Amino acid sequence: MQLKNEIMLITYADSLGSNLKELGNILENDIKDAVGGVHILPFFQSSADRGFAPMRYDRVSPEFGTFADVERIGKSYYLMFDFMINHISRSSEFFRDFEKKKDQSEYRDLFIRYKDFWENGEPTAEQVDKIYKRKPRAPYTDVEFGDGSREKVWCTFCEEQIDLNVESAATKKFIRENLVSMCSHGASIIRLDAFAYAVKKPDTSCFFVKPDIWNLLRETEALVKPYGVEILPEIHEHYSIQMEIAGEKFWIYDFALPVLTLHALYSGKGKYLREWLLMSPMKQFTTLDTHDGIGIVDVKDLLPDEEIEFTKDKMFAEGANVKKIYNTEAYNNLDIYQVNTTYYAALGENDNAYLLARAIQFFAPGIPQVYYVGMLAGANDIALMESTKNGRDINRHCYSAEEVKEELKRPVIKDLLALMRFRNRHPAFSLEGQIEVALTGEHGLRITRKQGEHFAVLDADLKRHTFEIRCS
């Protein structure tokens, strides 16, 4: 199915119901028409990181179902799949074969070996300092091979996620085969996870390395374009990178909107939010929440540093069960630039503030994505996070089909679903249309969307958290 300008739900295969079949039933019976697309977070066999350490892409993890269940959902909704272009599982048959056979492995060229990458087999201190790192040292894992020898192999994230050598013919073949397979199973858009890390060059940051990263993006686009499929590179960093990608006519994420909206609702002032809405492109997916934390690095230079600190402090002071310790090593938090909380909890579980935040998102340029916990205005799941000691699990509650039915009875959810249906069907939200954003009085924000004779106007009071919508 072709991508549509309708709200996309983000969910794990086992978080709205226990599997893909139950997810399909909930979509059809409980939230029909509130969403037009579904981003099913990684549903392939994986060894870690809730699916983001894929072992293979040709098989759905059995506990979730089969490709038939995925394709059934794809008959009614446009679908987004994840492709981890930067890495693959340490437990995959590819890496295990490499571990066992070393230079005799047919998969040896999939991986980045320090002995081949660095001039003397090791980076200098200056080279390590240049790397955009997720660890307090050079990114590698020690590998012991079947013959007893040891080597360092590039590893950006956790030990179960081994980086791929996107420059090699073997990896290019791997990428091509798996992307084509995703297209054949109903993907409308493929999200390129950890995309900016994929290209590595000595004496660079090894993050969004130009011009090589553009070559990779265009090569990937060329593989899926014959199938009518789009690509979406996933990057958390300075907003200028997103703007650069948008300038090349690719889809991007709006990861700045979550914090800018929180700032407006905490402070009652819409100046910075207005500036962002006016500069944002239409060819983007907007978010307030995802399976990760709320990104802080994405608003650097869009908010003054003191306003960023103000917003973070308010999250901890006014949010419900949002604590600084949940964003530290004690809870396995890799990224100090994200705050772990549900969006509803960040707003103190205030229904009015939450509905206004969603209204702002739905009036913003682009196609809105709504994370499943956000769709159900979910509170922080402290029990799950404490059981796993993973800070991000605070925002990853798994709802049974029965729980979903109960949550849907809440007035805030009924109002949210009504807003979602309005956003999906009103022609003023065309991606070819126009947007006007004005500040009205000290705390007022007005967003107007227009397409031809059609219009929709959101008038919001950012201090009192009230709003009204007028439309043609």
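Here the structure is shown first, and the text comes after it.
The structure reproduced in this document is the subject of the present report. (Residues numbered from 1 in each chain as written. Predicted model: local features only at pLDDT ≥ 70, side-chain atom pairs only at ≥ 80, totals over all residues. Heavy atoms only, no water.)

With that settled, the discussion passes to the sheet that holds strand 1 (residues 8-11). Across the sheet, eight strands lie side by side as 9-8-3-2-1-14-11-10; this open sheet has parallel pairing. Each edge of the open sheet is held by one strand with a lone partner, namely strand 9 (230-233) and strand 10 (252-254). Pairwise comparison of adjacent strand axes, ignoring direction, gives a mean angle of 25° for this sheet. Two strands pair when backbone bridges link them, and strand 1 and strand 14 (residues 367-371) are joined in this way by three bridges, in the parallel orientation. Bridging across to strand 14, Met-8 finds its partner in Gln-369. Of the strands in this sheet, strand 2 (37-40) and strand 3 (78-83) are in contact with helix 2 (residues 67-74), which crosses strand 3 at around 135°. Across the sheet, helix 6 (residues 169-184) is in contact with strand 3 and strand 8 (187-192); its angle to strand 3 comes to roughly 160°. (Pairing = 2+ DSSP bridges. Helix = DSSP H or I, 4+ residues; strand = E, 2+ residues; numbered from the N terminus. Axes fitted to C-alpha atoms, helices over the stretch in contact; angles between N-to-C directions. Contact = heavy atoms within 4.5 Å.)

Our next topic: the pattern of salt bridges. The full count for this structure, using the stated rule, is 38 salt bridges. For the salt bridge of Arg-396 with Asp-292, the shortest nitrogen-to-oxygen distance reads 3.7 Å. On the criterion of sequence distance, the pair formed by Arg-396 in the loop between helix 15 (382-388) and helix 16 (401-407) and Asp-292 in the loop between strand 11 (284-286) and strand 12 (294-295) is long-range, its members being 104 residues apart. Accessibility classification places Arg-396 together with Asp-292 in one group, the buried group. Across the salt bridge formed by Arg-446 and Asp-459, the nearest N and O atoms sit 2.7 Å from each other. A residue pair is termed long-range when its members are at least 10 positions apart, and Arg-446 in strand 16 (residues 444-451) and Asp-459 in strand 17 (residues 454-461) qualify at 13 residues. Judged by relative accessible area, which is 32%, Arg-446 ranks as partly exposed. For Asp-459, a relative accessible area of 14% corresponds to the buried category. One salt-bridge network, in which partners are shared between bridges, spans Asp-82, Arg-191, Asp-193 and Glu-234. (Salt bridge = Lys/Arg side-chain N within 4 Å of Asp/Glu carboxyl O. Buried < 20%, exposed > 50% of the residue type's maximum accessible area, 1.4 Å probe, protein only.)

Now for the packing of aromatic side chains. When we look at a pair of aromatic rings, we describe it by the centre distance and by the angle of the planes. Summed over all chains, the structure comprises 34 aromatic pairs. Both rings, one in Phe-43 and one in Phe-67, keep their centres 6.3 Å apart while their planes meet at 85°; by these two values the pair is edge-to-face. Highlighted residues: Phe-43 in the loop between strand 2 and helix 2 and Phe-67 in helix 2, separated in sequence by 24 residues. Grouping residues by exposure puts Phe-43 and Phe-67 together as buried. Ring plane angle 80° and centroid distance 5.0 Å describe the contact between Phe-363 and Phe-429, whose orientation is recorded as edge-to-face. Highlighted residues: Phe-363 in helix 13 (residues 351-363) and Phe-429 in the loop between helix 17 (411-425) and strand 15 (434-440), separated in sequence by 66 residues. Through successive ring pairs, a cluster of aromatic residues spans Phe-43, Phe-44, Tyr-57, Phe-67, Phe-81, Phe-83, Phe-94, Tyr-107 and Phe-174. Note that Arg-50 overlies the ring of Tyr-12, its terminal NZ or CZ placed 3.8 Å from the centroid. (Phe/Tyr/Trp six-rings, centres within 6.5 Å; stacked < 30°, edge-to-face > 60°. Lys NZ or Arg CZ within 6 Å of the ring centre and 35° of its normal.)

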